[in-house]
Amino acid sequence: MTHAVVEAQGVSRVFPMPAGAVTALRNVSLHVDRGDYVAITGPSGCGKSTLLHLIGCVDSPSSGSISFENRDVATLRESERSRIRLTRIGFVFQRFFLLPMLTAAENIELPQAEAGVPATERRQRTRELLEYVDLADRAGHLPSQLSGGEMQRVAIARALANRPALLVADEPTGELDDTTGNHVADLFDRVHADGTAILVVTHNSALAARASRRLAMKSGSLMP
Amino acid sequence: MVLRVTCLGVACCLLFGVNAFPDEPVLPDVLVTRQLAARAHLAVGDVVAFTTDQGGAPATRFRVAGIYEPTPDPMRFTAQRMEARMHLPDLTRMTMDSTDPASAESVDAINLRLVDPAAAQAFQLDVRTRVPGITAYPTARSPDRDPFAVLDRFHVAISIVTVLGGTAFLLALMIIRAEERREIIGLLRLVGISRRSLLAAVLLEGLFIAAIGAVFGIVLALAGQGIVNRIFQARYDTALVFVRVTPSIALRSIVFAVPLGVAAGLAASWTVLGRDVLSLFRR
């Protein structure tokens, strides 16, 4: 039994393509402990996002193993991995990916509803999260009525809705200007300080600098 | 004015269509169809004369006691219903051969209504056996000789083709719609919304759309029914109902439409839900 939220050992990922197999990850080992804040940097196409998908229980490795909270992900059914993504992992993306037909509050409520949180409890939690990301006055706004920074803060609130053990972020400041990106980075610091482990993949050196551990990737491998 | 009319199967001629005999003491009553009244400009109380002679004599005078709408007959909906109804003694008197006193007693045909309509065939055989020379036959058409049975089968075939074509069209639309929502479905699955929840949502959505579509179709059919009936009733001057959307037809439409709509929605959604999460984000 370890304190790692997630642990990858000797993980490789090969994508079969018509023109020949593409190896995106080669023998990668990584662990993210409780309360950890890990940043992965590297050039485009080096395998950062692929690693993130494996850590986030979205994809399966071609070889090696990944365990999430001491459970071997390879042995889990899709429904069990889906449950882990819902309740134990929060996702933040470069393009926000809010549901355009739902308001900010409804976007945050959705994963809670799926997790079976009672209506009164999830409304309370949604209010808290909107205050946490300083958007209490934007609860009823649609994503189209929010700025990029506001959408990303709603996305972070949604990711935190079910109190995950790990927050996984893929280029969270990629579509934001420096000032707005810094606000999002500040918010990540708060989330980390509140005890949630964070794994962020980024080109943003300022954001990476805030992490407690920084890892570099190149050609599908983590640099020593 | 002379018009040929059909009167209980006897060819007669209407000679006078006006109140030509106001001082006539007591005349037998006759009922004329709405169409005949309109053609001959008759009104209740008018005196008319009927004869079976093409030449016009001798004629029997009647007083128009009423105007009626003839019972619509789908086998004769193109016929002009120039008809009159009179009491049997009046008809007999009008049609009898004065040189043959027995002619008033002759009977060409008798219509019988059986207590049990299913016994028609047995009754027909019985009459033929007992009274050779009398032709007995049921007026009800057997299904294999009923032209409307053929029409019914034709309608069933058209409806099956329409339903299959509609389902294919709906399926194509649903697949396009599912493809448009591919990224959203991918996102939902990525954040942990289960396939079962998404299928349930699709099921509810499909149920709602199919139910709305079925209700819309029924409303459209009801509106179309009124328009079609009015056009053809005016065209053929008849009260015959050409199209009727019955509760049974409406119920069958819903029974067919809703499951097919839901099945089409589920089949279309499975083309997206069946894929792995990451493929939903790839273009």
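What you see is a predicted model, and the numbers here were worked out from it, not measured in a lab. (Residues numbered from 1 in each chain as written. Chains lettered and ligands numbered in written order. Predicted model: local features only at pLDDT ≥ 70, side-chain atom pairs only at ≥ 80, totals over all residues. Heavy atoms only, no water.)

(A) Structural view of the overall build of chain B. In terms of regular secondary structure, chain B is built from seven helices and six strands. Secondary structure elements of chain B occur, N-terminal to C-terminal, as β-β-β-α-β-β-β-α-α-α-α-α-α. Each of the 283 residues in chain B was classed as buried or not, and the buried ones make up 29%. Long-range contacts, defined here as pairs at least 24 residues apart, represent 68% of the contacts in chain B between residues at least 6 apart. Surface exposure of chain B reaches about 18,100 Å², of which carbon and sulfur atoms provide 64%. (Helix = DSSP H or I, 4+ residues; strand = E, 2+ residues; numbered from the N terminus. Buried < 20%, exposed > 50% of the residue type's maximum accessible area, 1.4 Å probe, protein only. Contact = heavy atoms within 4.5 Å. Areas by Shrake-Rupley, 256 points an atom, 1.4 Å probe, with all protein chains shown as cover.)

(B) Spatial organisation of the overall build of chain A. Counting secondary structure elements, chain A contains seven helices and ten strands. Burial statistics for chain A: of 224 residues in total, 51% are counted as buried. With the model as given, the accessible surface of chain A reaches about 9,900 Å², and the carbon-plus-sulfur share is 50%.

(C) Focus on the interface of chain A and chain B. Facing the 19 residues of chain A at the interface are 16 residues of chain B. Where chain A abuts chain B, roughly 1,500 Å² becomes buried across the two surfaces, and 67% of that area is made up of carbon and sulfur atoms. Among the residues of chain A in contact with chain B, Val-58, Phe-97 and Glu-114 of chain A are the three that bury the most area, contributing 30% of the side total. Summed over the shared surface of chain A and chain B, the number is two salt bridges. The salt bridge partner of Glu-78 of chain A is Arg-189 of chain B, with a shortest N-O separation of 3.7 Å. Those elements that provide at least two residues to the side of chain A that touches chain B are α2 (78–87), β6 (89–93) and α3 (104–114) of chain A. At four residues, the largest contribution of residues to the side of chain A that touches chain B is made by α2 of chain A. Its residues assigned to classes, the side of chain A that touches chain B shows eleven nonpolar, two polar and six charged. (Buried area = accessible area lost by both parts, 1.4 Å probe. Salt bridge = Lys/Arg side-chain N within 4 Å of Asp/Glu carboxyl O. Nonpolar A, V, L, I, M, F, W, Y, C, P; charged D, E, K, R; others polar.)

(D) Broad picture of the pairing of strand β2 (residues 22–33) of chain A. All names here are of chain A. Taken together, the eight bridges between strand β1 (residues 4–15) and β2 define a ladder with antiparallel strand orientation. Pairing of Glu-7 across the sheet is with His-31, part of β2. The antiparallel hairpin formed by β1 and β2 contains six residues in its connecting segment, where Gly-20 sits at a positive phi of about 130 degrees. (Pairing = 2+ DSSP bridges.)

(E) Spatial organisation of the layout of surface pockets. Residue and element names in this part refer to chain B. In this structure, the largest pocket encloses a volume near 2,100 Å³. As for the largest pocket, its lining consists of 42 residues, and the residues nearest its centre are His-155, Ser-159, Ala-221, Ile-249 and Ser-253. Tallying contributions element by element places helix α4 (residues 147–180) first for the lining of the largest pocket, with 17 residues. Its residues assigned to classes, the lining of the largest pocket shows 29 nonpolar, ten polar and three charged. (1 Å grid on protein atoms, 1.4 Å probe; cavity = no way out; pocket = protein on both sides within 12 Å on 5 of 7 lines; lining within 4 Å. Points joined across faces, edges and corners; volume = space filled by probe spheres on them.)

(F) Representation of the pairing of strand β5 (residues 60–68) of chain B within the structure. Residues and elements named next belong to chain B. One ladder, built from five bridges, connects strand β3 (residues 29–33) with β5; its direction is parallel. Residue pairing for β5: Asp-29 is matched across the bridge by Arg-63. As defined by bridge partners, strand β4 (residues 47–51) adjoins β5 across four bridges and the pair is classed as antiparallel. Opposite Val-47, over in β5, you have Arg-63 as the bridge partner.

(G) Spatial organisation of the environment of Arg-81 of chain A. All names here are of chain A. Turning to its location among the elements, Arg-81 is positioned in helix α2. Judged by relative accessible area, Arg-81 falls into the buried class, the value being 12%. Arg-81 sits 23 residues away from Val-58 along the chain, and the two C-alpha atoms are 7.7 Å apart. Not counting residues up to four positions away in its chain, the partners in contact with Arg-81 are Cys-57, Asp-59, Ser-60, Val-73 and Leu-76. Side-chain polar atoms of Arg-81 contact the side chain of Ser-60, separated by 2.9 Å. (Polar contact = N/O pair within 3.5 Å; in protein donor to acceptor, adjacent residues only side chain to side chain.)

(H) Region of interest: the packing of aromatic side chains. Throughout the structure, instances matching the rule amount to eight aromatic pairs over all chains. Against the face of Tyr-132 of chain A rests Arg-190 of chain A, its NZ or CZ located 4.1 Å from the ring centre. Stacked on the ring of Tyr-236 of chain B, the Lys or Arg Arg-235 of chain B has its end atom at 4.7 Å from the ring centre. (Phe/Tyr/Trp six-rings, centres within 6.5 Å; stacked < 30°, edge-to-face > 60°. Lys NZ or Arg CZ within 6 Å of the ring centre and 35° of its normal.)

(I) Representation of empty space enclosed by the protein in the model. Applying the stated criterion across every chain yields a total of two cavities of 30 Å³ or more. There is about 80 Å³ of room inside the largest cavity. The wall of the largest cavity is formed by Arg-85, Leu-86, Ile-89, Gly-90, Phe-91, Pro-111, Arg-158, Ala-159, Ala-161 and Asn-162 of chain A together with Val-191 of chain B. Put simply, the parts of the chain that give the lining of the largest cavity at least two residues each are α2, β6 and α5 (148–159) of chain A. Looking at the lining of the largest cavity, the element that brings in the most residues is β6 of chain A, giving three residues.

(J) A look at the nonpolar core. Ranked by size, the top nonpolar core spans 50 residues in total, and within it Ile-40, Leu-51, Ile-55, Phe-68, Leu-166 and Leu-199 of chain A carry the most contacts. Tyr-37, Ala-39, Tyr-132 and Leu-146 of chain A belong to the second-largest nonpolar core, a separate cluster that totals 35 residues. (Core = buried A, V, L, I, M, F, W, Y, C linked by side-chain atoms within 4.5 Å.)

(K) Broad picture of the sheet that holds strand β5 (residues 71–72) of chain A. Residue and element names in this part refer to chain A. Read across the sheet, four strands follow the order β2-β1-β4-β5 without closing on themselves; strand pairing throughout is antiparallel. Bordering the open sheet on either side are β2 and β5, each of which pairs with just one other strand. Relative to the sheet, helix α1 (residues 48–55) contacts β1, β2 and β4 (63–68), its axis offset from that of β2 by approximately 55 degrees. (Axes fitted to C-alpha atoms, helices over the stretch in contact; angles between N-to-C directions.)

(L) Fine view of the environment of Cys-57 of chain A. Residue and element names in this part refer to chain A. Tracing the sequence through the fold places Cys-57 in the loop between α1 and β4. Taking the C-alpha atoms as reference points, Cys-57 and Val-6, 51 residues apart in sequence, are found 9.9 Å from one another. Each residue touching Cys-57, except ones within four places of it in the same chain, is listed here: Phe-68, Val-73, Arg-81, Ile-84, Arg-85 and Ile-89.

(M) Region of interest: the pattern of salt bridges. For the structure shown, the criterion picks out 23 salt bridges over all chains. A salt bridge links Arg-81 of chain A to Glu-78 of chain A; the nearest nitrogen and oxygen atoms lie 3.7 Å apart. One end of the pair is Arg-81 of chain A and the other is Glu-78 of chain A, both in helix α2 and three residues apart, which spans about a single turn. Here Arg-181 of chain B and Glu-205 of chain B are joined by a salt bridge, their closest N and O atoms 2.9 Å apart. Highlighted residues: Arg-181 of chain B in the loop between α4 and α5 (182–190) and Glu-205 of chain B in helix α6 (residues 195–236), separated in sequence by 24 residues.

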